[in-house]
Amino acid sequence: MATIQLTGVSKQFQLSRNRRVQALTPIDLTIAEGEFVALLGPSGCGKSTILHLIAGLDEPSTGSVLIDNLPPRALRQRHELGIAFQEHALLPWRSVEANLALPFQIANRPADPDRIAALIDLVGLRGFESARPSQLSGGMRQRASIARSLALNPRLLLLDEPFGALDAVTRRAMNLELQRIWQQSRITTVLVTHTVEEAIFLADRVLVMSGRPGRIIRELQVLFPRPRTVDTTRLELFHQLADDLTQTLEPTDNVEPPQEQ
């Protein structure tokens, strides 16, 4: 498990020679070891940008990102970072089992059949080891994608709208599955989502971001005991929190346009 520290992190993108956009204003954020944090906000607010900075897939314009006092690339070089995106990115010509073996190959390690079998059991895909992605439902493909992200026992898991393309019923089922999987490992996890109820159900802490330029405008500690169930989502307090966060997310006209240089 890993501790994440963002200090004075901002991000600016160059759109063209004379145009730039401020995606993030300076952000200070600490995510504790073993914590599950959800980033919630409107489209274009910088949620995925923060995830990419934590993953070391991009560099901040100002400030620093540290994971256990080291830059993110150190975690990537040790193959201790797991990532799952909205698109499952499974290789279509490989079976579920072969897709889960891919991280071992990339890391130049021998595939661990016992670990792969355990992950297939963990995500409920026993019996589908030889199936190709086209033979799986959307929810099953996402389960396989999450299993692959856990293959090398990462210390940090980053999830960027992993269930965004699923229907509401499947998405709720996957929320229950993800919670079950997370509880077995208690891995430090950062989830990007547009869905208020998903954030409240899954996270220990919800961070609400403003429209561009993105900044954290609200923090909510979620105190519902685990494991959370469908009954949790029916509680009056759950609905009160969802309504409250939804109000915080109400759109404003304060989005900053691209700037001329």
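Higher on the page you've got the structure.
Reference entry: report on the structure contained in this document.

Criteria and thresholds
- Within each chain, residue numbers correspond to sequence positions counted from 1 in written order.
- Where local features are concerned, this predicted model is filtered to residues with pLDDT of at least 70; where side-chain atom pairs are given and counted, the filter is 80 or more; whole-chain, interface and lining totals use all residues.
- Hydrogen atoms and water are omitted, and side-chain values are computed over all heavy atoms in the structure.
- Note on geometry: axes are C-alpha line fits, over the in-contact stretch for helices, and angles between N-to-C directions span 0 to 180 degrees.
- Numbering of helices and strands starts at the N terminus; helices are DSSP runs of H or I of at least 4 residues and strands are runs of E of at least 2.
- An angle below 35 degrees is treated as roughly parallel, one above 145 as roughly antiparallel, one from 65 to 115 as roughly perpendicular, and anything else as oblique.
- When the near helix sits turned anticlockwise from the far one by under a right angle, the crossing is termed left-handed; a clockwise turn instead gives a right-handed crossing.
- Here, two residues are considered to be in contact whenever any of their heavy atoms come within 4.5 Å of each other.
- Under this grouping Gly is polar, as are all residues other than the nonpolar Ala, Val, Leu, Ile, Met, Phe, Trp, Tyr, Cys and Pro and the charged Asp, Glu, Lys and Arg.
- Relative accessible area decides the class of each residue, using a 1.4 Å probe on protein chains only: under 20% of the type maximum gives buried, over 50% gives exposed, and in between gives partly exposed.
- We treat two strands as partners when DSSP finds at least two bridges between them.
- Only buried residues count toward a nonpolar core, which is a set of Ala, Val, Leu, Ile, Met, Phe, Trp, Tyr and Cys residues joined through side-chain atoms within 4.5 Å.
- In this analysis, the expected span of each helix is defined as 1.5 Å times one less than the number of residues it contains.
- The arc under discussion is defined with respect to the helix axis, by the directions toward the C-beta atoms.

## Comments concerning the packing of helix α3 (residues 96-106) against helix α4 (residues 113-122)
Phase 1 of the analysis: Where α3 contacts α4, the two axes come as close as 10 Å, and the packing angle between them is 125 degrees. Classed by the angle they form, the pair α3 and α4 counts as oblique. For the pair α3 and α4, the sense of crossing is right-handed. From α3, Val 96, Glu 97, Leu 100, Ala 101 and Phe 104 reach across to α4, where they touch Arg 115, Ile 116, Leu 119 and Ile 120.
Phase 2 of the analysis: Classifying every residue of the contact of α3 with α4 by side-chain character gives seven nonpolar, no polar and two charged.

## Some remarks on unusual backbone geometry
Note: most peptide bonds trans; most residues except glycine with negative phi.
Phase 1 of the analysis: Across the junction of Arg 212 and Pro 213, the peptide omega takes the value 0 degrees, indicating a cis bond.
Phase 2 of the analysis: Position of Pro 213 relative to the elements: it lies in the loop between β8 (205-209) and β9 (216-221).
Phase 3 of the analysis: Phi is positive for Asp 68, close to 55 degrees, though the residue is something other than glycine.
Phase 4 of the analysis: Residue placement: Asp 68 occurs in the loop between β4 (62-67) and α2 (72-77).
Phase 5 of the analysis: Located in the positive-phi region is Arg 186, a residue other than glycine, with phi close to 55 degrees.
Phase 6 of the analysis: Inspection of the secondary structure assignment puts Arg 186 in the loop between α6 (168-185) and β7 (188-193).

## A closer look at the environment of Gly 124
Phase 1 of the analysis: Relative to the helices and strands, Gly 124 resides in the loop between α4 and α5 (138-149).
Phase 2 of the analysis: Taking relative accessible area as the criterion, Gly 124 reaches 43% and is therefore assigned partly exposed.
Phase 3 of the analysis: The spatial distance from the C-alpha of Gly 124 to the C-alpha of Ala 147 is 10.0 Å, given a sequence separation of 23 residues.
Phase 4 of the analysis: In this structure, Gly 124 is in contact with Arg 143 and Arg 180, ignoring residues within four places of it in sequence.

## Some thoughts on the sheet that holds strand β5 (residues 81-85)
Phase 1 of the analysis: The strand order across the open sheet formed by six strands is β5-β6-β7-β3-β8-β9, and the pairing between neighbours is mixed. Edge strands, defined here as strands with exactly one partner in the open sheet, are β5 and β9. The mean inter-strand angle of the sheet, taken between neighbouring strand axes irrespective of direction, is 15 degrees.
Phase 2 of the analysis: Here strand β6 (residues 156-160) runs beside β7; their pairing, made up of five bridges, is parallel. Bridging across to β7, Leu 156 finds its partner in Thr 188.
Phase 3 of the analysis: Packing against the sheet, helix α1 (residues 47-55) makes contact with β3 (36-40), β5, β6, β7 and β8, and its axis sits at approximately 150 degrees to β6.
Phase 4 of the analysis: Set on the sheet, α5 makes contact with β5 and β6; between it and β5 the angle comes to about 165 degrees.

## A look at the nonpolar core
Phase 1 of the analysis: Counting 51 residues, the largest nonpolar core has Leu 40, Ile 200, Val 206 and Leu 245 as its most contacted members.
Phase 2 of the analysis: Ranked by residue count, the leading element in this core is helix α7 (residues 196-202), at five residues.
Phase 3 of the analysis: Counting 26 residues, the second largest nonpolar core, distinct from the first, contains Leu 6, Leu 24, Leu 51 and Met 209.

## Things to note about helix α8 (residues 236-248)
Phase 1 of the analysis: Here α8 spans 19 Å end to end across 13 residues, near enough to the 18 Å set by a 1.5 Å rise per residue.
Phase 2 of the analysis: Those residues of α8 not exposed but buried are Phe 238, Leu 241, Ala 242 and Leu 245. Buried residues of α8, seen end-on, are gathered within an arc of 100 degrees and therefore sit on one face of the element. In α8, the exposed residues that point more than 90 degrees away from the buried face are Glu 236, Asp 243 and Gln 247.

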